[in-house]
Amino acid sequence: MYQTESWGSPYVPASGRNGVGSYSGGGGDPFERIERLAAESAVVIFSISSCCMCHAIKRLFCGMGVNPTVYELDQAGDPIAGKEMEMALMRLIGASSAAALPVVFVGGKLVGAMDRVMASHINGTLVPLLKDAGALWL
């Protein structure tokens with residue numbers, strides 16, 4: 001299964017609390033928070049818990065033997081901060097609707113939303129990305 005990160009307070013780097021990062025959401029630039037959280041694990045998924053496409057992406061990675069870190073934006077301790085991050089992710093990938101989620105980072109680098117992740121999986125470029133990031137050891 002995948003690891004859902006806590007949204008406690010305040011933000012603690014992954015090395016600061018037994019390898020589990022958290023984020024308070026309050027203050028700061030949402031783009032900087034996204035970059036910081038994306039760099040903490042080999043595979044990071046920004047998701048909404050009730051989104052079927054988010055669920056499908058999480059299942060894809062789990063089915064490949066990858067244990068992604070998942071940030072459920074609708075379960076943030078601060079709902080406004082979760083919304084801010086969602087809007088920042090939409091701008092980051094150039095989306096104009098809420099269909100932007102899930103957004104996936106591999107090795108701290110943006111892969112994209114569902115369409116780009118699935119295209120990478122189908123054309124065979126996803127597995128090498130995962131291997132390079134240390135998320136997959138086949």
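The name given to the protein in an unreviewed UniProt entry is Glutaredoxin domain-containing protein, with Linum trigynum as the source organism. In the Sequence similarities (unreviewed entry) part of its UniProt record, the protein is described as follows: "Belongs to the glutaredoxin family. CC-type subfamily." The record held by UniProt for the protein lists under Subcellular location (unreviewed entry) the comment "Cytoplasm".

1. Considerations on the pairing of strand β4 (residues 103–106)
Where burial is concerned, the two faces of β4 agree: the one with Val103 and Phe105 and the one with Val104 and Val106 are both buried. As judged from the 4 bridges shared by strand β2 (residues 43–47) and β4, these two strands associate in the antiparallel manner. Its bridge partner being in β4, Ile45 is matched across the sheet by Val104. Relative to strand β5 (residues 109–112), β4 runs antiparallel, the two sharing 3 bridges. Within β5, the residue paired with Val104 across the bridge is Gly112. Connecting the antiparallel pair β4 and β5 is a turn made up of 2 residues, with Gly107 showing a positive phi of about 60 degrees.

2. Quick notes on the nonpolar core
Core analysis: the biggest nonpolar cluster contains 17 residues, and Val43, Ile57, Phe61, Val66, Val104, Val117 and Leu130 have the highest contact counts within it. Once residues lying within four places of it in the same chain are set aside, the contact partners of Leu130 are Val43, Phe61, Met64, Val66, Val106, Ala135 and Leu136. Core analysis: the second largest hydrophobic core is formed by 15 residues, Ala38, Ile48, Cys54 and Tyr71 among them.

3. Thoughts on the environment of Met87
Turning to its location among the elements, Met87 is positioned in helix α3 (residues 79–93). Given a relative accessible area of 40%, Met87 falls into the partly exposed group.

4. With respect to the pattern of salt bridges
Counted according to the given criterion, the structure contains 3 salt bridges. In this structure, Glu84 engages Arg33 in a salt bridge whose closest nitrogen and oxygen atoms are separated by 3.3 Å. Of this pair, Glu84 sits in helix α3 while Arg33 sits in helix α1 (residues 30–38); the two residues are 51 residues apart in sequence, bridging distant segments of the chain. The shortest N-O distance in the salt bridge between Lys83 and Glu86 comes to 3.3 Å. Of this pair, Lys83 and Glu86 both sit in helix α3, 3 residues apart, roughly one helical turn.

5. Some words on unusual backbone geometry
Cis geometry marks the peptide bond from Leu101 to Pro102, where omega comes out at 5 degrees. Its location among the elements puts Pro102 in the loop between α3 and β4.

Rules used throughout
- Residues numbered from 1 in each chain as written.
- Predicted model: local features only at pLDDT ≥ 70, side-chain atom pairs only at ≥ 80, totals over all residues.
- Heavy atoms only, no water.
- UniProt positions renumbered as here; feature names shortened; annotations may be inferred.
- Buried < 20%, exposed > 50% of the residue type's maximum accessible area, 1.4 Å probe, protein only.
- Helix = DSSP H or I, 4+ residues; strand = E, 2+ residues; numbered from the N terminus.
- Pairing = 2+ DSSP bridges.
- Core = buried A, V, L, I, M, F, W, Y, C linked by side-chain atoms within 4.5 Å.
- Contact = heavy atoms within 4.5 Å.
- Salt bridge = Lys/Arg side-chain N within 4 Å of Asp/Glu carboxyl O.

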